[in-house]
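Summary of structural features
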Amino acid sequence: MDIDRIVSEMTLEEKVSIIVGVGMLFIEGNPKPKVKGAAGETAEIPRLGIPRTVYADGPAGLRIDTTRENDESAYYATSFPIESMLSSTWNRELVEEVGKAMGEEVKEYGVDVFLAPAMNIHRNPLGGRNFEYFSEDPLLTGEMASAYVKGVQSNDVGACVKHFIANEQETNRMTVDTIVSERALREIYLKGFEIAIKKAKPWTVMSSYNKLNGTHTSQNKWLLEKVLREEWEFDGFVMSDWFAGDNPVEQVLAGNDLIMPGKSWQFIKEKPDEYETVLKAAKEGKIPIEVIDRNVKRILKVMQKMPSFKGYQYSNNPDLEAHSKIAKRAGLEGVVLLKNVQALPVTKETKIAPFGYTFVRTFRGGWGSGETYPRYTISFAEGLLEKGAKVDEKLLGIYKEHYEKRKAENVNEIEVKFFEDIFTVEEIENYAKTNDIAFITIGRMSGEGRDRKAEKGDFYLSDDETALLEKVSRIFHKYGKKIVVLLNIIGPIEIESWKEKVDAIVLTWHGGQETGKILADILLGEVSPSGKLPTTFPKDYKDVPSWTFPGEPADNPASVTYEEDIFVGYRYYDTFGVEPAFEFGYGLSYTEFEYSNPSISFDGEKVAVEVTVRNVGKFKGKEVVQVYVKAPKVQIVKPLQELKGFEKTKELLPGESERVKIEIPVKALASFGFGKWIVEPGKYEFRISASSRDHRAKAYLDLERMEFDV
Ligand code: BGC
């Protein structure tokens, strides 16, 4: 397509119609949606051959409506594990496969751009959308997002990395001013995006709701023009988050190419009509025509690659069966075994006493735009029963009945504080006598629009949960039987105060539609857990470094200052000697791995670290090898250590070994100081590790000072 010619033939009105979306599609008077349940569309210009293009959410799978008027068909999409669980796999190939499967559904349901992956940082464990984000670490975030984007875009549909940038909380997300130093931005918050944009070339970027150091990100020229385009050479287009910002003219000028969803005033009456406002400003010369043309061209350049543009005949029939298998495989590698004192795996003969409501009503993912509408969700109970496990029927019946009753009462399952402590001591004695093991399931939900709370029933166990846990632990242990806690949670909770009371703890996250099948394979030992934590589980909320969260004043924050600066997550816990309950990168297996023969080499550009990993236990399994670098302190203050590389082994049989090679570009060792990236001179310690606190081997390298421009 000759974009210059097309733009030269466009009227000003047509140009503005391309850079402002058509409004929310379900509103009377707006165009009828091409794909029902998609989040947005752009306008068509038939005389120039420009079709409508369609944008729909993720990131746990495609979000579209399952039903349509006068249409018998159902439009289900696969529900995959939440992003925090995908990153717990530390497996690039697997996440790329997930992206590929999601992208096929995007394409076959007639969508052009998938509004995923989200990739903000787990700054605080209470972040309401943390489940949609990968990690507290920028390297893991960037690597996982790159794999995800590559997978999605291998279908010739677009991905959209979001929310750019510093959108780490839901409280007052549309107005809060996030104050962050340039160093923390560059090293932590921007870094993951930088990696993904350079490695995977996403077609689009979504700017965020919040302000960054005083200016809405969608109106921030430094961010969108200088950092994103000039420095990183991003060549797709930027769209706003839905209804974001307070000045569409500023958005256009700042290089926020597409304003979404358009017609904001239909929802928020204080908002101007973006189309009229931009048109008027252009006519009055307040937006130079070159700027309008620039934005239109950026959009058209990407649009011409879209399925709608190419007239792709989508099938409405993606391979949901094949994708359910990928969703399960991803979940299997994302389960993190936090504790196991000879309790797991169990066998099909083990008699299981299940406690806890989410065992029967298992959560598959969080709420909001990241929700999914799959064909089914397999609960923990269903997953285990399907495999032939022996689950106490009476207990199961009680929880099921309880669930049906609540459903009939129409209680909001998310809001409801479940009655967990419903059994007397005598009843639990009976269950302990007739069963071999207790499973206690603890569930937590969260979602868009609200942060979690450092309160009982959320970050802490509720009184009911504590009472149940104590009773079951005391009584089952009295009979010499083990207790396993299954965490069907969406982000960190407090575990430290009760972890000694139980024999095993399994972090199952929210595993999407296959969640119960995933759990069953892990508990029955068909697959050994190989997930590692992408985020620290602190001992207590008071240990969390982002003490300013969610800003000032706390009940209605106008701003939030990232005072911990670069000391986010383990960078803080390690540097300041605060011991977590479970550290970043941690996760057990049913087998054991031994590390040997470390070596290191440097070719002037890349450092290559190698180590041999041998499976010395009795189960087959995979290991995630992590490299943390302790850099010399010269002029720039640094965290004790930082993750600089990782690889996951293949599945190793008992006795089998693999030589693992991890390459680290030397530039990745630089810190941001004095407006540049600087590798300071001295001795670098490369810690080859099974977690951020379990270093198995070390290698050293002396480096000279190096400088790189931004
Ligand atoms: C969310 C985005 C989402 C958009 C469209 C916004 O509320 O922040 O992540 O893509 O809605 O649904």
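Source: prediction; values computed, not measured.

Here we come to the overall build of the protein. A count of helical and extended segments in the protein gives 19 helices and 26 strands. Relative to a compact globule of 710 residues, whose C-alpha radius of gyration would be 27 Å, the protein shows 26 Å and is just as compact. Principal-axis analysis of the C-alpha atoms places the extent of the protein at approximately 80 × 70 × 50 Å. Considering only residue pairs separated by 6 or more positions, the protein has 77% of its internal contacts joining residues 24 or more positions apart. Total accessible area on the protein stands at roughly 25,800 Å², and carbon and sulfur atoms take up 48% of it. Across the protein, the centroid of the 95 positively charged side chains sits 2 Å from that of the 112 negatively charged ones.

Close to the ligand lie 14 residues; Asp57, Arg129, His163, Asp241 and Glu448 are nearest. At 2.4 Å from an oxygen atom of the ligand is found a side-chain nitrogen or oxygen belonging to Asp57. A distance of 2.7 Å is found between an oxygen atom of the ligand and a side-chain nitrogen or oxygen belonging to Arg129. Contact with the protein chains covers 93% of the free accessible surface of the ligand, which is 310 Å².

Relative to the elements of secondary structure, Ser369 occurs in the loop between β11 (351-355) and α14 (380-386). A residue is classified by how much of its surface remains accessible, and Ser369, at 13% relative accessible area, is buried. On a C-alpha basis, the gap between Ser369 and Ile489 in space is 19 Å, while along the polypeptide they are 120 residues apart. Side chain to side chain, Ser369 and Arg129 meet in a polar contact 3.1 Å long.

It is worth spelling out the packing of helix α6 (residues 182-189) against helix α7 (residues 191-200) at this point. At a closest axis distance of 5 Å, the pairing of α6 and α7 adopts a crossing angle of 50 degrees. Judged on the interaxial angle alone, α7 and α6 are oblique. Along its contact with α6, which presents Leu185, Arg186, Glu187, Ile188 and Tyr189, the element α7 presents Lys191, Gly192 and Phe193. Residue composition of the contact of α6 with α7, grouped by class: four nonpolar, one polar and three charged.

Okay, the pattern of salt bridges next. Counted according to the given criterion, the structure contains 67 salt bridges. Linking Glu225 and Arg229 is a salt bridge whose minimum nitrogen-to-oxygen distance equals 3.9 Å. Separated by four residues within a single helix, Glu225 and Arg229 lie in helix α8 (residues 221-231), roughly one turn from each other. Accessibility expressed as a relative area gives 11% for Arg229, which makes it buried. A salt bridge links Lys387 to Glu526, with the nearest nitrogen and oxygen atoms 2.9 Å apart. Taken together, the positions of Lys387 in the loop between α14 and β12 (390-391) and Glu526 in the loop between α18 (515-523) and β16 (559-561) put the pair 139 residues apart, joining distant regions of the chain. Several salt bridges share partner residues, and in doing so they unite Arg129, Glu132, Glu170, Arg173 and Glu448 into one network.

Taking strand neighbours across the sheet as the criterion, the six strands line up as β10-β15-β14-β13-β11-β12 in an open arrangement whose pairing is mixed. At either end of the open sheet lies a strand with only one pairing partner, and these are β10 (336-340) and β12. By the bridge criterion, four bridges tie β10 to strand β15 (residues 504-507) in an arrangement that is antiparallel. Looking across to β15, one finds that Asn340 is bridged to Ala504.

One open sheet accounts for four strands, arranged β8-β7-β5-β16; its pairing is mixed. Strands at the two margins of the open sheet, each flanked by one partner only, are β8 (215-216) and β16. Pairing of strand β5 (residues 177-179) with β16 involves three bridges; the strand directions are parallel. Bridge pairing links Thr178 to Val560 in β16.

In this section: empty space enclosed by the protein. For the structure on display, the rule yields four cavities of 30 Å³ or more. Counted as a void, the largest cavity has a volume near 120 Å³. Lining the largest cavity are 18 residues, and of these His122, Pro125, Glu136, Thr535 and Thr536 lie nearest its centre. Here the lining of the largest cavity is composed, by residue class, of eight nonpolar, eight polar and two charged. What the second largest cavity holds in volume is close to 50 Å³. Taken together, Ala244, Gly245, Asp246, Asn247, Pro248, Gln251, Ile259, Lys271, Pro272 and Glu274 make up the full set of residues lining the second largest cavity.

Rules of the game
- Residues numbered from 1 in each chain as written.
- Predicted model: local features only at pLDDT ≥ 70, side-chain atom pairs only at ≥ 80, totals over all residues.
- Heavy atoms only, no water.
- Helix = DSSP H or I, 4+ residues; strand = E, 2+ residues; numbered from the N terminus.
- Rg over C-alpha atoms; globule rule 2.2 N^0.38 Å.
- Contact = heavy atoms within 4.5 Å.
- Areas by Shrake-Rupley, 256 points an atom, 1.4 Å probe, with all protein chains shown as cover.
- Lys, Arg positive; Asp, Glu negative; His and termini not counted.
- Charge placed at Lys NZ, Arg CZ, Asp CG, Glu CD.
- Near = heavy atom within 4 Å.
- Polar contact = N/O pair within 3.5 Å; in protein donor to acceptor, adjacent residues only side chain to side chain.
- Buried < 20%, exposed > 50% of the residue type's maximum accessible area, 1.4 Å probe, protein only.
- Axes fitted to C-alpha atoms, helices over the stretch in contact; angles between N-to-C directions.
- Parallel < 35°, antiparallel > 145°, perpendicular 65-115°, else oblique.
- Nonpolar A, V, L, I, M, F, W, Y, C, P; charged D, E, K, R; others polar.
- Salt bridge = Lys/Arg side-chain N within 4 Å of Asp/Glu carboxyl O.
- Pairing = 2+ DSSP bridges.
- 1 Å grid on protein atoms, 1.4 Å probe; cavity = no way out; pocket = protein on both sides within 12 Å on 5 of 7 lines; lining within 4 Å.
- Points joined across faces, edges and corners; volume = space filled by probe spheres on them.

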